[in-house]
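Okay, here's what each chain looks like letter by letter:
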Amino acid sequence: MPTTLTVNDSSLNAIFLLRILNGLNLYWYDLYHDTSTMVIMNNNNNINASSYLTLIPKTEFLSIKLSSKVNRQLQDPLVIMTGNVPAWVTEIGYTCPFLFPFETRQMLFYVTAFDRDRAMQRLLDSSDMMNQQHNDQNERSSVAPRIERKKVQLSRANILAETEKIFASWNNKAYLEVQYEDEVGFGLGPTLECYSMVSKELQKNNLELWRSDKMFESSHDASSSSTYVDTTDGLYPAPFGRNAKSTSITKVRQKFKFLGKFMAKALMDSRMIDMPFSIVFYKWMLAQEDSLNIEDLIHVDTNLYQQFKKLENIVHQRDKLQQMSKGKKRLKSKDDPIHNNNNTSSNFIDTVVNDNDDSLKLDGCSIDDLGLCFTLPGFNHIELKKGGRDCSVNLSNLDQYINLVVYWTLVEGVRRQFESFRDGFNSIFPIHHLKCFYPDELHQVFCGSGATDLWDLKVLLESTRCDHGYNLNSRAVKWLFEIMIDFDIDERRAFLQFVTGSPRLPVGGFRTLHPPLTVVRKTVENENPDNFLPSVMTCVNYLKLPDYTSKDIMKTKLSTAIHDGQFAFLLS
């Protein structure tokens, strides 16, 4: 437990014990050398037990009573505005986060990481007040803090470079609001779209920031690669070698410093980014890089992980044969002392290194015949040790090769990138405040819910507001919900981008969207509504929908508006 803990309570011993048991529950697989049999299946591929397969559900460690006490403190406006959050709430919340559900820790994070005005604004946004009718908005405005807003104008064609320039000199706590050149719209919608567009720009291949599934392809195939990084395991930095050019290092480090600022500012302003990071990236954010091992490789490169687990099993089999041979040697030495000489030892070593045993081969091929050397797979210019390009991998040094590949892939090759990332992040607010979350929760914290989460009729009925000619029983609204439910993932992302400015929903989905999705009737006097397209006000998540004569016409018009109305904020 941290030495800074000031809480003095008779329950601490029990809490300390729970902390240890929670650690065993999360990381039990590290107690075993061979986890090859501890595999679970998902719909796509095999995932090792380290993929957050716990022995018992995390919810078993939650304390309902403690959570209720903490919630009362964090939902009290007087406590928030006076900054009088009890010390035990913060200390226990960060030392033993397993005691509290995600929602409680998220409230604690906003109270501890940011100023009181932002914490109060977050409390108002997440409270029941946001779901009340318009006539309550005056009451809400009377208690809402006034946080400065700084409006900037950006060019869509050069959005990454211009955003980098703005963040390079950003030193205040004002909300960032975006307006695009030659467009009239500004506010929440354009700002959310800015974070989405910059997120996409940062995933371009030509920036050379990330590992890619295509890194093993030949140069002939590389020319046909897509504009954006192609990875199924999540974004993770491409490694640097010891002798990388200083100009290349500087360029990449500047981008990662900007990324740190970008993510911190998005979180501070309650904006979502759209970047699918590897869970190992989030472990670095929580300063857990010293605990990374081969089991984390599956979250960076699944194919590499699978091959190296096979190599690791060969090492285990080699050691097992060695121990068995030593045991036989000792027995033979007792029975026949004449044979207890150096030749016996030499023969043993030759037998172990021989590769004649099928269990010491990789898919039927001996280690020597693989032609491996001490360079990083996929990055042959990176030597794992001095003179590594000229050092062949064999059965005797295979374990050293495995350890160095894992170390350079997960830690040493990306250390400088993450140093710059943390510098950028800390310039907005201290990154250590994220430690009340687990690595697998940070995707929700930064990216919200995916387009597939919480998207059904029950949720839409409970979280959508209808006004100005429509109600939940209106024919047009029922058709709209049916169309939305039938959307595939790409269509859902496009719909969200059209209506809200972001392709993602906040944590909690439509229920926590603020302002809530509002559907109103688009009036067209003395005209056929089938001749008009829907329009939106993204700043208030406001969909203006004509009362079409059929569901098919509505679907066609909505699809046209979604695809033709992207990337422009004009008068509707």
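Residues numbered from 1 in each chain as written. Predicted model: local features only at pLDDT ≥ 70, side-chain atom pairs only at ≥ 80, totals over all residues. Heavy atoms only, no water.

## What to know about the UniProt feature "active site" (unreviewed entry) in the protein
Feature annotation in UniProt places "active site" (unreviewed entry) on Cys539, given in this structure's numbering. Relative to the helices and strands, Cys539 is located in the loop between strand S12 (535–537) and strand S13 (542–545). Cys539 sits in the partly exposed class, given a relative accessible area of 31%. With near-sequence residues (within four places) excluded, Cys539 lies in contact with Phe186, Gly187, Leu188, Gly189, Pro190 and Pro515. (UniProt positions renumbered as here; feature names shortened; annotations may be inferred. Helix = DSSP H or I, 4+ residues; strand = E, 2+ residues; numbered from the N terminus. Buried < 20%, exposed > 50% of the residue type's maximum accessible area, 1.4 Å probe, protein only. Contact = heavy atoms within 4.5 Å.)

## Some remarks on the sheet that holds strand S3 (residues 149–154)
Judged by pairing direction, the sheet is mixed, and its three strands sit side by side in the order S3-S4-S5 without closing on themselves. The open sheet is flanked by S3 and strand S5 (186–187), the only strands paired with a single partner. Packed on one face of the sheet, helix H8 (residues 159–168) meets S3 and strand S4 (175–180) and runs near 145° to S3. (Pairing = 2+ DSSP bridges. Axes fitted to C-alpha atoms, helices over the stretch in contact; angles between N-to-C directions.)

## Remarks on the nonpolar core
Counting 118 residues, the largest nonpolar core has Phe109, Leu259, Met263, Phe281, Met285, Leu434 and Phe446 as its most contacted members. It is helix H11 (residues 246–268) that provides the largest number of residues to this core, a total of 11 residues. Aside from chain neighbours lying at most four places away, what touches Met285 is Met263, Phe421, Phe425, Ile431, Leu434, Leu442 and Phe446. Of all hydrophobic cores here, the second largest spans 31 residues; its members include Trp455, Ile483, Phe487 and Leu543. (Core = buried A, V, L, I, M, F, W, Y, C linked by side-chain atoms within 4.5 Å.)

## What about the packing of helix H4 (residues 87–95) against helix H5 (residues 102–113)?
For any two helices packed against each other, the geometry comes down to the angle between their axes and how far apart the axes lie. As a packed pair, H4 and H5 sit with axes 11 Å apart at the nearest point and diverge in direction by 120°. On the basis of the axis angle, H4 is oblique to H5. Every pair of crossing elements has a handedness; the one defined by H4 and H5 is left-handed. Counting all contacts with H4, which are made through Val89, Thr90, Gly93 and Tyr94, the residues of H5 involved are Leu108, Phe109 and Thr112. Of the residues assigned to the contact of H4 with H5, the class counts are four nonpolar, three polar and no charged. (Parallel < 35°, antiparallel > 145°, perpendicular 65-115°, else oblique. Left-handed = near helix turned anticlockwise from the far one by under 90°. Nonpolar A, V, L, I, M, F, W, Y, C, P; charged D, E, K, R; others polar.)

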